[in-house]
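Structure at a glance
Here is what each chain is made of, one letter per residue.
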Amino acid sequence: MEFTVHDFLHDETGSVSVEYALCVMGAALLGGVLIAILISDQVSAALTKIIIDALSP
């Protein structure tokens, strides 16, 4: 069985695994960015103020 350059360039073996891995890495990156934003002092102070204002009579 002969393989040509055309066959090599159009072989999609493993493409689903690569797409899945890229999605997982993207989700992890987004999660890390959101965590970094939420633990910052400014965002933490703003969320605390919103919660205190909401619970105040």
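1. Looking at the overall build of the chain
In terms of helices and strands, the chain carries three helices and zero strands. Ordered by position from N to C terminus, the α and β elements of the chain give α-α-α. Burial statistics for the chain: of 57 residues in total, 0% are counted as buried. Split by element, the accessible area of the chain, about 5,400 Å² in all, is 72% carbon and sulfur.

2. Things to note about the pattern of salt bridges
Tallied over the entire structure, the rule returns one salt bridge. One salt bridge connects Asp53 with Lys49, and the closest N-O pair in it is separated by 2.8 Å. Of this pair, Asp53 and Lys49 both sit in helix H3 (residues 41-55), separated by four residues, roughly a single helical turn.

About the criteria used
Every chain is numbered independently, its residues counted from 1 as its sequence is written. In keeping with the model being predicted, local features are shown solely for residues with a pLDDT of at least 70 and side-chain atom pairs are shown and tallied solely at 80 or more, while totals for entire chains, interfaces and linings include all residues. With hydrogens and water set aside, each side-chain value is computed from the structure's full complement of heavy atoms. Helix and strand definitions here come from DSSP, where helices need a minimum of 4 consecutive H or I residues and strands a minimum of 2 consecutive E residues; each element is numbered from the N-terminal end. Relative accessibility under 20% of the residue-type maximum defines a buried residue, over 50% an exposed one, and the middle range a partly exposed one, all with a 1.4 Å probe and only protein chains included. The Shrake-Rupley method, run with a 1.4 Å probe sphere, supplies the accessible areas, and residue values consider only the shown protein chains as cover. By salt bridge we mean one thing: a side-chain nitrogen of Lys or Arg within 4 Å of a carboxyl oxygen of Asp or Glu.

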